[in-house]
Amino acid sequence: MVSSTVDLLKKEIPVEQESLLISDDVKTGLVLVDIVNGFCTVGAGNLAPVAPDKQISGMVDESVRLAKMFCEKNWPIYAVLDSHHPDVPEHPYPPHCIAGTDESKLVPALQWLENEPNVTIRHKDCIDGFVGSMEKDGSNVFVDWIKNNSIQAVLFAGICTDICVLDFVCSALSARNRGILTPLKDVYVYSAACATFDFPLHVAQNIKGALAHPQELMHHVGLYTAKGRGAKVVNEVSFDAPGKM
Ligand SMILES: [Zn+2]
């Protein structure tokens, strides 16, 4: 898709973004969605980028920066990792992120999170991380994470902006609005720490049943939809007085 067309479409559904200053006064949690090899590492699988991808590598870099700050402050991080049983396909996607393979592991730049005490890792076998946090007994690991840590604001990062990030954000907003996530008030989506995949029309139209998915436009639509549901979209995240606890 030519960039002037994308610009034209973006003008029709603009997304105004704010900047977020995280202070010690508001207990903030970081949610990292699917920053796994199967979606982020070149050549790692059916849904991985086929060539180096600026939007995806930028998302990983910003997520690493945030994760380091949150760990330094010992603030809660919730990382969901896409992870499927080999016999249970996820229509309409081809097989991906099979449990136990490298595809369903955090990218190398984030693997250290596995050993951090403030990090909760949740494997999920569906698109929506909120649904993927449900246990058989009806409890929800994400809801417990919000409540047990008294989280008042949550910041989302990861992939894909318009799929797994969006669905999780929308469910979190609905749950918050129903009073299920007290004391959560604000749901932020950090645009520079989100990315989506590129599957342009000229490729998709040669594959039967495939849906075109132009990266820049779909990333924008994801942010637009999140904002329309009540999330705050930010393009800058900074920390108040680092080191002061
Ligand atoms: Zn999946």
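Residues numbered from 1 in each chain as written. Predicted model: local features only at pLDDT ≥ 70, side-chain atom pairs only at ≥ 80, totals over all residues.

For the protein chain, an unreviewed UniProt entry supplies the name OLC1v1011665C1 and the organism Oldenlandia corymbosa var. corymbosa.

A.B. asks: It is not clear to me how the pairing of strand S3 (residues 77-82) should be interpreted in this structure. Could you clarify?
C.D. replies: Consecutive residues of a regular strand have side chains that alternate between opposite faces of the sheet. Burial runs high along S3: six of the six residues are buried. The side-chain alternation of S3 yields two buried faces, one formed by Ile-77, Ala-79 and Leu-81 and the other by Tyr-78, Val-80 and Asp-82. Strand direction decides the pairing type here: strand S2 (residues 28-33) and S3, joined by four bridges, are parallel. Bridge pairing links Leu-32 to Ala-79 in S3. Across six bridges, S3 lies against strand S4 (residues 119-124) in parallel orientation. Directly across from Tyr-78, in S4, lies its bridge partner Thr-120. (Buried ≥ 20, exposed ≤ 12 C-beta atoms within 10 Å, placed from the backbone. Helix = DSSP H or I, 4+ residues; strand = E, 2+ residues; numbered from the N terminus. Pairing = 2+ DSSP bridges.)

A.B. asks: Honestly, unusual backbone geometry in this entry has me stumped. Any pointers?
C.D. replies: Across the chain, the bulk of peptide bonds are trans and the bulk of non-glycine residues have phi less than zero. Residue Pro-92 is bonded to the preceding His-91 through a cis peptide linkage, with omega at 5 degrees. In this structure, Pro-92 sits in the loop between S3 and S4. Across the junction of Thr-182 and Pro-183, the peptide omega takes the value 10 degrees, indicating a cis bond. The phi dihedral of Asn-74 falls on the positive side, at around 60 degrees, and the residue is not glycine. Among the structural elements, Asn-74 can be located in the loop between helix H3 (54-72) and S3. The class for Asn-74 is exposed, based on 10 C-beta atoms found within 10 Å. Although it is not a glycine, Cys-97 sits at a positive phi angle of roughly 45 degrees. With respect to the helices, strands and loops of the structure, Cys-97 is situated in the loop between S3 and S4. A tally of 28 C-beta atoms within 10 Å means that Cys-97 is categorised as buried.

A.B. asks: Even after reading the chapter, I still don't get the nonpolar core, so can you show me in this structure?
C.D. replies: Generally speaking, soluble globular proteins have nonpolar side chains that are buried together. Counting 62 residues, the largest nonpolar core has Phe-156, Ile-159, Val-165, Val-169 and Val-189 as its most contacted members. When sequence neighbours within four positions are dropped, the list of residues in contact with Phe-156 reads Val-31, Val-33, Val-165, Phe-168, Val-169, Tyr-188, Val-189 and Tyr-190. (Core = buried A, V, L, I, M, F, W, Y, C linked by C-beta atoms within 7 Å. Contact = placed C-beta atoms within 7 Å.)

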